There are 2 protein chains.
Amino acid sequence: MGRPRRPLLDRERITTTALEIVDEQGEFSVPQIARRLGVQTASIYHHVDGRDGIVELLRERVASAIETETLDLEPWDRGMAAWARSYRAAFAAHPRTIPLLTTSPVRAPKVLDQYERAVGRLLEAGFALADVMPVIIALENLVLGSALDLAAPEAMWELADETATPRLARALGAVPEGRADQAFELALTGYLTYVRALLGEDDPAGAAPADGDRARDTAPTP
Amino acid sequence: MGRPRRPLLDRERITTTALEIVDEQGEFSVPQIARRLGVQTASIYHHVDGRDGIVELLRERVASAIETETLDLEPWDRGMAAWARSYRAAFAAHPRTIPLLTTSPVRAPKVLDQYERAVGRLLEAGFALADVMPVIIALENLVLGSALDLAAPEAMWELADETATPRLARALGAVPEGRADQAFELALTGYLTYVRALLGEDDPAGAAPADGDRARDTAPTP
């Protein structure tokens, strides 16, 4: 009997199957993967570092669609914006991985490399060390929230009775097509405008007051 | 035989059970709810408008924790900030409902009422009709992304080898406790500062260029 050209089981196939299951169900289990691949559950564990290892393979797979080289664009904020758009597109293709990946610590080396690059870019741009992670995390929140919205129906509000919510009905009537992209670009532009203005100030980003009073006195630097 | 004081099955109990299942598994099915309540699946359908009806009951339940009266605070942007914080807290308590609810159209009357109030508040503040929904949607993206982050581990990045990502290691070392709150407030302040600046301008928010060039020339109004 000839030996099969490729092994029945490898990390690639386990990852692909786990991603299929998460796309369908929002969750996965190792026995589910085994059933779908027609192997014993124990065999899966020979290839991966437990369930957590599979979560990291999923993170690496989804994040591999992010165009990391965008981070090198000039100037730095154009780079961050392009990275954010590519990041959003990668996760919008697999929105149900988002809650799974955001509730588990990042360990995948390739994904940590991507953070290393983003951190480096912000440090080079002049951000204080203590501001760098908050700036990245806030951008990710906006990106992942928008990725979920990109997976939402275009007609997100269904009014059975327009007279019950007349102003909402009017506002919805004024929404152009592509509302998800429009809202994402609004949040992204707004956020980066503000963050740009933080550069060169004395206060760290974290000291920005919650009600934005200080922000009112802060003109973006050209 | 005495009649039971409360029915074995009602919408409240169905909603509570569906929420438990989604909190655990990220998804639910009507037969799962029936099994957990010890009733026939068909009995569930006597009380709710199908699976979609249960999704709307879940939306109403989670959104009921949002303090809608915050929208009446003065000035309008303080109201929006307080609403956003309360909205984030409500969804952070049930993060796994987020992808379920964001991929299904909003029909629950109480939730539509909340949008009606937010739309009214922005119209009164002077926003153009076409800008109102983008402003709300972008805020929601930021809120929901941050709600997921609030459900994340405090130590979100685990570096097996700090020398592989030295700048990330330094940036993480500089992150104070409560990084999720800090990042949320940064994004919220940044966004509202920008949106405030849009008031009284000629261009609609949706016309803001993607690369933020126009934003550089836009000083926030005091």
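Residues numbered from 1 in each chain as written. Chains lettered and ligands numbered in written order. Predicted model: local features only at pLDDT ≥ 70, side-chain atom pairs only at ≥ 80, totals over all residues. Heavy atoms only, no water.

- In the nomenclature of an unreviewed UniProt entry, chain A corresponds to TetR/AcrR family transcriptional regulator C-terminal domain-containing protein from the organism Streptomyces gulbargensis.

**Considering helix α9 (residues 166-173) of chain B**
Moving on, step 1. Here α9(B) has its buried residues at B:Leu168, B:Ala169 and B:Ala171. What you see down the axis of α9(B) is that its buried residues fit within an arc of 165°, all on one side.
Moving on, step 2. The inward-facing, buried residues of α9(B) contact α7 (109-125) and α8 (129-150) of chain A. (Buried < 20%, exposed > 50% of the residue type's maximum accessible area, 1.4 Å probe, protein only. Helix = DSSP H or I, 4+ residues; strand = E, 2+ residues; numbered from the N terminus. Arc of directions from axis to C-beta. Contact = heavy atoms within 4.5 Å.)

**Considerations on the UniProt feature "DNA-binding region" (unreviewed entry) in chain A**
Moving on, step 1. UniProt annotation of "DNA-binding region" (unreviewed entry) refers to residues 29-48 of chain A when read in the numbering used here.
Moving on, step 2. As annotated, residues 29-48 of chain A comprises 65% helix and 0% strand, and the C-alpha atoms at either end are separated by 13 Å. (UniProt positions renumbered as here; feature names shortened; annotations may be inferred.)

**Considerations on the environment of B:Leu142**
Moving on, step 1. Among the structural elements, B:Leu142 can be located in helix α8 (residues 129-150).
Moving on, step 2. Judged by its relative accessible area of 2%, B:Leu142 is buried.
Moving on, step 3. Note: C-alpha distance between B:Leu142 and B:Ala187 (45 residues apart in sequence) is 7.2 Å.
Moving on, step 4. Once you skip the residues sitting within four places of it in the chain, B:Leu142 turns out to touch A:Asn141, B:Phe184, B:Ala187, B:Leu188 and B:Tyr191.

**Regarding the relation of the copies chain B and chain A**
The two chain copies are related to each other by a rotation about an axis together with a translation along it.
Moving on, step 1. In screw terms, the move from chain B to chain A is a rotation of 180° and a rise of 0.0 Å along the axis, fitting with an RMSD of 0.0 Å. Those values place the two copies in the arrangement expected of a two-fold rotation axis.
Moving on, step 2. Looking at the interface residues of chain B, 100% of them are also at the interface in chain A, so both copies use one shared face. (Least-squares fit on C-alpha atoms with pLDDT ≥ 70 in both.)

**Structural notes on the interface of chain B and chain A**
Moving on, step 1. Taken together, the contacts link 83 residues of chain B with 83 residues of chain A.
Moving on, step 2. Together, the buried faces of chain B and chain A total about 7,000 Å²; carbon and sulfur atoms form 65% of this surface.
Moving on, step 3. At the junction of chain B with chain A, the criterion picks out eight salt bridges.
Moving on, step 4. One salt bridge connects A:Glu116 with B:Arg167, and the closest N-O pair in it is separated by 3.4 Å.
Moving on, step 5. For the pair chain B and chain A, the interface holds 15 residue pairs in polar contact (both at pLDDT 80 or more).
Moving on, step 6. Residue assignment for the side of chain B that touches chain A shows that the elements contributing at least two residues are α5 (76-92), α6 (98-102), α7 (109-125), α8, α9, α10 (179-198) and α11 (213-216) of chain B.
Moving on, step 7. It is α8(B) that contributes the most residues to the side of chain B that touches chain A, 15 residues altogether.
Moving on, step 8. Residues that form the side of chain B that touches chain A fall into these classes: 47 nonpolar, 17 polar and 19 charged. (Buried area = accessible area lost by both parts, 1.4 Å probe. Salt bridge = Lys/Arg side-chain N within 4 Å of Asp/Glu carboxyl O. Polar contact = N/O pair within 3.5 Å; in protein donor to acceptor, adjacent residues only side chain to side chain. Nonpolar A, V, L, I, M, F, W, Y, C, P; charged D, E, K, R; others polar.)

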